[in-house]
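The lines below spell out each chain.
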Amino acid sequence: DNVSVKEITQGSDFEFTRSTTGTRINEDGYIEDVPYNLATYSEDFSQWTKQGAGTGSVPVLTSGYISPDGTNNAYKVSFNKGTGTTTSDLSILSSNAWSAQSNTASFYIKADSPQKIVFRNSTNWVLVNVTTEWQRVSKTDTGNSLQLGLRDGYGIPNVPNTATVFLWGAQAVKGDQPKDYLPTTDRLNLPRLNYPVYGGCPSLLVEPQGT
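Engineer: How do you make sense of the packing of aromatic side chains when you look at a structure like this?
Structural biologist: One pass over the structure, following the stated rule, counts seven aromatic pairs. Between Tyr108 and Trp168, the ring centres sit 5.3 Å apart and the planes meet at 55 degrees, which makes this aromatic pair tilted. Here Tyr108 is found in strand S7 (residues 103–110), whereas its partner Trp168 is found in strand S12 (residues 162–174), with 60 residues between them in sequence. Its relative accessible area of 17% is what places Tyr108 among the buried residues. One aromatic cluster is present, built from ring pairs that chain together Phe45, Trp48 and Tyr75. When the ring centre of Phe166 is taken as reference, the NZ or CZ atom of Lys110 above it lies at 5.7 Å. Directly above the aromatic system of Tyr36 lies the positively charged group of Lys179, at a separation of 4.8 Å from the ring centroid.

As structure tokens, then:
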């Protein structure tokens, strides 16, 4: 066979596109999906569903703000739910596989001044106190929607009428623990490093070429 070999260092780009997830054996000996982030648009919040009900308005998004990784890929999001039992939400659905088991949804958030928003990844909303520093918020549940916003009528007290926050790095993973953030705005250059079952150095898991 004719074989070509290329050294790949950490952070280097691979030149291929993966349209679906694949599996590998991780360093702990467990089978996991690669890429494991089930949220389709982890950094492009303009692709998320923007909705408002009653006197609430759809969230207003502006891109180009500095994210925790130092690049200008965070979004500024302004919510205005109006008055009464109304809503102003930003949400994204994951794959159907997300709803069949325990999953953990997470995202990074901060504000210019302390704010409050609500967050769910199924039917149970929780109130998040947003500080002026980037923080990662996570929630484990069995739902298939990662949703942020302002809304009344869900038994959450002290929900404000308006809030403006910065968002980056949304993620949903299988299991009850968050994992290191892995962007999935696209699925370019995401190799699968497969570990031996009994430990040792990983190898690149490849597949036969196809069309």
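Engineer: When you look at the sheet that holds strand S3 (residues 49–53) in this model, what are you seeing that I'm missing?
Structural biologist: Backbone-to-backbone hydrogen bonds join strands into a sheet, with any given pair of strands oriented parallel or antiparallel. Pairing in this open sheet of five strands is antiparallel, and the strands run S3-S6-S11-S8-S9 from one edge to the other. For this open sheet the edge positions go to S3 and strand S9 (126–130), each flanked by a neighbour on one side alone. Sheet twist, expressed as the mean angle between neighbouring strand axes with direction ignored, is 30 degrees. Of the pairings in the sheet, the one linking strand S8 (residues 115–120) to S9 comprises five bridges and is antiparallel in character. Within S9, the position partnered with Phe119 by the bridge is Val126.

Cut-off values and rules
- Residues numbered from 1 in each chain as written.
- Predicted model: local features only at pLDDT ≥ 70, side-chain atom pairs only at ≥ 80, totals over all residues.
- Heavy atoms only, no water.
- Phe/Tyr/Trp six-rings, centres within 6.5 Å; stacked < 30°, edge-to-face > 60°.
- Helix = DSSP H or I, 4+ residues; strand = E, 2+ residues; numbered from the N terminus.
- Buried < 20%, exposed > 50% of the residue type's maximum accessible area, 1.4 Å probe, protein only.
- Lys NZ or Arg CZ within 6 Å of the ring centre and 35° of its normal.
- Pairing = 2+ DSSP bridges.
- Axes fitted to C-alpha atoms, helices over the stretch in contact; angles between N-to-C directions.

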